[in-house]
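Working through the structure, step by step
Spelled out from the first residue to the last, the chains are:
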Amino acid sequence: MTREEAVDRVLACAAKYLGMREQPKGSNKGEILIFGGKGGPWCAAFVNFVYHEATGQDPTSAGFCRGTLRMLAAAKRDGLVRPKGEPPQRGDIFVLSRGPGHGHTGFVESVTCDSHGPRMQTIEGNSGNQVARRTRFTTARVLGFIRPGAAPAAEGGEGWET
């Protein structure tokens, strides 16, 4: 399967869960537990579940990750985090900082640029207690972009600083 085919499958798979919500709201429980969460934050579980469902593989060598920062660390070891300054691509996995020791993640569905700068449309779990489509700036609190299935980042391209 080519990278483009994998990206198409992953994004189609993620999109079929749009609107799936926590029950009750704010509980991290309900039908979203199918993603493998344990009743805690579930954005990374969503990314890993969807990627595996769509491709039969895990996005990093760490296997199934429920932790966003653990997934990012594994991707760095695998050479899958794109060098700082390299713009995201459709199908990348973004990782945002949510403060010390906390992160958030999802899929980059598309990237656009306007007078306000580059933005990405995303599909992400645990966003407003549901699987949702969001628009975000590509630089605001971004710790890195993971590109599963890509050739390792070039020598010296250790990715983004955390």
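Heads up: the structure comes first, above all this text.
What counts and what doesn't
- Residues numbered from 1 in each chain as written.
- Predicted model: local features only at pLDDT ≥ 70, side-chain atom pairs only at ≥ 80, totals over all residues.
- Heavy atoms only, no water.
- Helix = DSSP H or I, 4+ residues; strand = E, 2+ residues; numbered from the N terminus.
- Expected span 1.5 Å × (residues − 1).
- Buried < 20%, exposed > 50% of the residue type's maximum accessible area, 1.4 Å probe, protein only.
- Contact = heavy atoms within 4.5 Å.
- Arc of directions from axis to C-beta.
- Polar contact = N/O pair within 3.5 Å; in protein donor to acceptor, adjacent residues only side chain to side chain.
- Pairing = 2+ DSSP bridges.
- Axes fitted to C-alpha atoms, helices over the stretch in contact; angles between N-to-C directions.
- Salt bridge = Lys/Arg side-chain N within 4 Å of Asp/Glu carboxyl O.

Once that is clear, we can look at helix α2 (residues 43-55). Because an α-helix completes one turn every 3.6 residues, residues spaced three or four positions apart along the sequence face the same direction. Over its 13 residues, α2 runs 18 Å from end to end, which matches the ideal 18 Å to within 8%, given 1.5 Å per residue. Within α2, 10 of the 13 residues are buried, leaving the element largely enclosed by the surrounding structure. Among all positions of α2, only Cys43, Ala44, Ala45, Phe46, Val47, Asn48, Val50, Tyr51, Ala54 and Thr55 are buried. Tucked inside the fold, the buried residues of α2 contact α1 (3-15), α3 (68-78), β1 (93-97), β2 (103-114) and β3 (117-124). Once α2 finishes, glycine 56 follows within two positions and takes phi at roughly 80°, a positive value.

A few words now on α1. Taking 1.5 Å per residue as the helical rise, α1 with its 13 residues ought to reach 18 Å, and the 18 Å between its terminal C-alpha atoms agrees with that figure. Turning to α1, its buried residues number three or more, namely Ala6, Val7, Val10, Leu11, Cys13 and Ala14. Looking down the long axis of α1, one finds its buried residues gathered within 160° of arc, a one-sided arrangement. Turned more than 90 degrees away from the buried face of α1 sit Glu4 and Ala12, all of them exposed. Looking at the buried side of α1, the elements it contacts are α2, β2 and β3.

Right, let's get into the side chain of threonine 55. Position of threonine 55 relative to the elements: it lies in helix α2. Within polar-contact distance, the side chain of threonine 55 engages the backbone oxygen of tyrosine 51 at 2.8 Å. Beyond its immediate sequence surroundings of up to four residues, threonine 55 is in contact with Met1, Ala6 and Val10.

A few words on the environment of glutamate 86. Tracing the sequence through the fold places glutamate 86 in the loop between α3 and β1. As for glutamate 86 and methionine 1, which are separated by 85 residues in sequence, their C-alpha atoms are 24 Å apart. A polar contact is formed between the side chain of glutamate 86 and the side chain of arginine 147, at a distance of 2.8 Å.

Another aspect to go through is the sheet that holds strand β5 (residues 142-146). Strand order in the open sheet formed by five strands is β4-β3-β2-β1-β5, with antiparallel pairing between adjacent strands. Lying at the two open borders of the sheet, with one neighbouring strand each, are β4 (132-137) and β5. In this sheet, adjacent strand axes meet at a mean angle of 35° when their direction is disregarded. The sheet contact formed by β2 and β3 spans seven bridges and is antiparallel. Bridging from a neighbouring strand, threonine 112 pairs with arginine 119 of β3. With respect to the sheet, α1 is in contact with β2, β3 and β4, its orientation differing from that of β2 by roughly 110°.

Close approach of charged atoms allows side chains with opposite charge to pair. Counting across every chain of the model gives nine salt bridges. Where glutamate 53 meets lysine 16, a salt bridge forms, and the shortest distance between an N and an O atom there is 3.4 Å. In this pair, glutamate 53 is assigned in helix α2 and lysine 16 in the loop between α1 and α2, connecting sequence segments 37 residues apart. In this structure glutamate 53 comes out as partly exposed when scored by relative accessible area, which is 38%. The exposure class assigned to lysine 16 is exposed, which follows from its relative accessible area of 53%. For arginine 119, the salt bridge identified is with aspartate 114, shortest N-O distance 3.3 Å. Judged by its relative accessible area of 21%, arginine 119 falls in the partly exposed class. The class of aspartate 114 is partly exposed, set by a relative accessible area of 38%. Within this structure, Arg3, Arg82, Glu86, Asp92 and Arg147 form a network of salt bridges that share partners.

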